[in-house]
Amino acid sequence: MNDLAGKHIVLGLTGGIACYKAAELCRALIKSGATVQVVMTQAAEQFITPVTMQALSNRPVYDSQWDAREANNMPHINLSREADAILIAPCSADFMAKLLHGRADDLLSLMCLARPIAEVPLLVAPAMNREMWAHPATQRNLAQLAADGTVVLGVGNGDQACGETGDGRMLEPDELLLDVIAFFAPKPLQGQQVLVTAGPTFEAIDPVRGITNLSSGKMGFAIARAAQEAGAHVTLVAGPVQLPTPRGVTRLDVTSALDMHQAVSAQLDRAQVFIATAAVADWRVATVAEQKIKKDSAGQMPPLQFTENPDILAMAAKSPRALSGALFCVGFAAESHDLLQHARAKRERKGVPLIVGNIGPATFGKDDNALLLVDEHGTHELPHASKLTLARQLVADIARRRQAVH
Ligand code: CTP
């Protein structure tokens, strides 16, 4: 996806072994549509060559404030004025200390100081040994950098080049890419609590069998990601699916409809938006057999008794917070036919302001979809697109509806 189309990013490299990851990061940014101008410190050049970074970015690398290629001999001004953001990855402990004090004795720090602070955001991806990371001086510097408006991206945890294990690794290039994409996204849900259900549920019959459905969870996971990009704190209650957790999202894994009901009930009081995308089983087997049910000699399937599962969405929509407008509930209707008619009826039955209809068999497991938004006034189509694109459009739509209410 061209999530960074039209963005020009100055990628700054400072001295650290994580410079090897900056090569991948540069490629990933460009693949996402950005143009990338690399600026390196002398220390960074001990770890990776400007030749590598020039080849990957397709632009000459800058590494000196005395670079005579610029007609005015002011690369620190020219490079920073062109940028939509400056991203320093890796950002060493030493470089953070320099930024903090406004020092400007090399091109990269000079450029950061000279950038128009309101227009060109500065993002840093720290990378260092765990003791350096934990040192009070580093933590103090981090807090002050954030207070000065720098966006401090997190660090990873794990094996370090020095042989030690702990916090301080630079985030992986794919993680940094997602953070940069999220950084540029509009923030209409800033600070809001969003709760999402996703995936199928699994209702056990016996220890080895159960009833489930074809929901892949992809739409719900895309919505969780889009809400997180939009600035929300997102909790994702996921049925059994094999999908990676969207970055920055809190995930609670559940199996059955009763588990999902319990997890949602525990989270609902804090939520301002609840988006129920899960394909929850309507029924569960009344008594789960303790042992595997064996085939009987008469070739008859043993009869199963079913009990209805609680309707999680209807329960949320009836809660006092939903009725007072403090909680905005959105349902999904996955239908096989007569989408509009079923979606309208479902909206009424569940008591939600918005139902999102889609044709289940056409979309289960796929990466794209088409949505039909049904509210009290009528319908609005979100035409065929990737699930992530649709999720972003839906999140923007929900945010507008909430703003209209509040
Ligand atoms: N839903 C829910 N809890 C349930 C059943 C459904 O929260 N026990 C939610 C789904 O997450 C979805 C909406 O209700 O947002 C509609 O789900 P769907 O399965 O399409 O509707 P049902 O009420 O089960 O109706 P039917 O099976 O007759 O289509």
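Residues numbered from 1 in each chain as written. Predicted model: local features only at pLDDT ≥ 70, side-chain atom pairs only at ≥ 80, totals over all residues. Heavy atoms only, no water.

Trainee: Honestly, the overall build of the protein chain in this entry has me stumped. Any pointers?
Mentor: Helix and strand content of the protein chain: 15 helices and 19 strands. Counting only C-alpha atoms and orienting by the principal axes, one finds that the protein chain spans roughly 85 × 50 × 40 Å. Counting over 406 residues, the protein chain shows a buried share of 49%. Here the protein chain displays about 19,400 Å² of accessible surface, and carbon together with sulfur accounts for 53% of that area. Mean positive and mean negative side-chain charge positions of the protein chain (37 and 41 charges, respectively) differ by 3 Å. (Helix = DSSP H or I, 4+ residues; strand = E, 2+ residues; numbered from the N terminus. Buried < 20%, exposed > 50% of the residue type's maximum accessible area, 1.4 Å probe, protein only. Areas by Shrake-Rupley, 256 points an atom, 1.4 Å probe, with all protein chains shown as cover. Lys, Arg positive; Asp, Glu negative; His and termini not counted. Charge placed at Lys NZ, Arg CZ, Asp CG, Glu CD.)

Trainee: Teacher, can you tell me more about the site of the ligand here?
Mentor: Taken together, 14 residues lie near the ligand, and A276, A278, D282, K346 and K350 sit nearest. The contact in question runs from an oxygen atom of the ligand to an N or O atom on the backbone of F332, over 2.8 Å. Contact distances for the ligand include 2.7 Å between an oxygen atom and a side-chain N or O atom of K350. Contact with the protein chains covers 80% of the free accessible surface of the ligand, which is 570 Å². Within the residue set of the shell around the ligand, elements represented by two or more residues are α11 (312–317), β16 (328–335) and α13 (339–350). Class assignment for the residues of the shell around the ligand results in 8 nonpolar, 1 polar and 5 charged. (Near = heavy atom within 4 Å. Polar contact = N/O pair within 3.5 Å; in protein donor to acceptor, adjacent residues only side chain to side chain. Nonpolar A, V, L, I, M, F, W, Y, C, P; charged D, E, K, R; others polar.)

Trainee: Help me understand the domain arrangement of the protein chain in this model?
Mentor: Interface size is commonly expressed as the accessible area that is lost once the parts come together. Looking at the protein chain, the domain boundaries give domain 1 (8–184) and domain 2 (193–405). Taking only C-alpha atoms into account, the centre of domain 1 sits 40 Å from that of domain 2. If you look at the interface, domain 1 gives 6 residues, while domain 2 gives 5 residues. Between domain 1 and domain 2 the total buried area reaches about 450 Å² when both faces are included, carbon and sulfur atoms providing 51% of it. Among the residues of domain 1 in contact with domain 2, L178, I181 and A182 are the three that bury the most area, contributing 71% of the side total. Joining domain 1 to domain 2, the criterion identifies 2 salt bridges. When the shortest N-O distance is used, the salt bridge between D179 and R247 registers 2.7 Å. (Domains from an automatic or database assignment. Contact = heavy atoms within 4.5 Å. Buried area = accessible area lost by both parts, 1.4 Å probe. Salt bridge = Lys/Arg side-chain N within 4 Å of Asp/Glu carboxyl O.)

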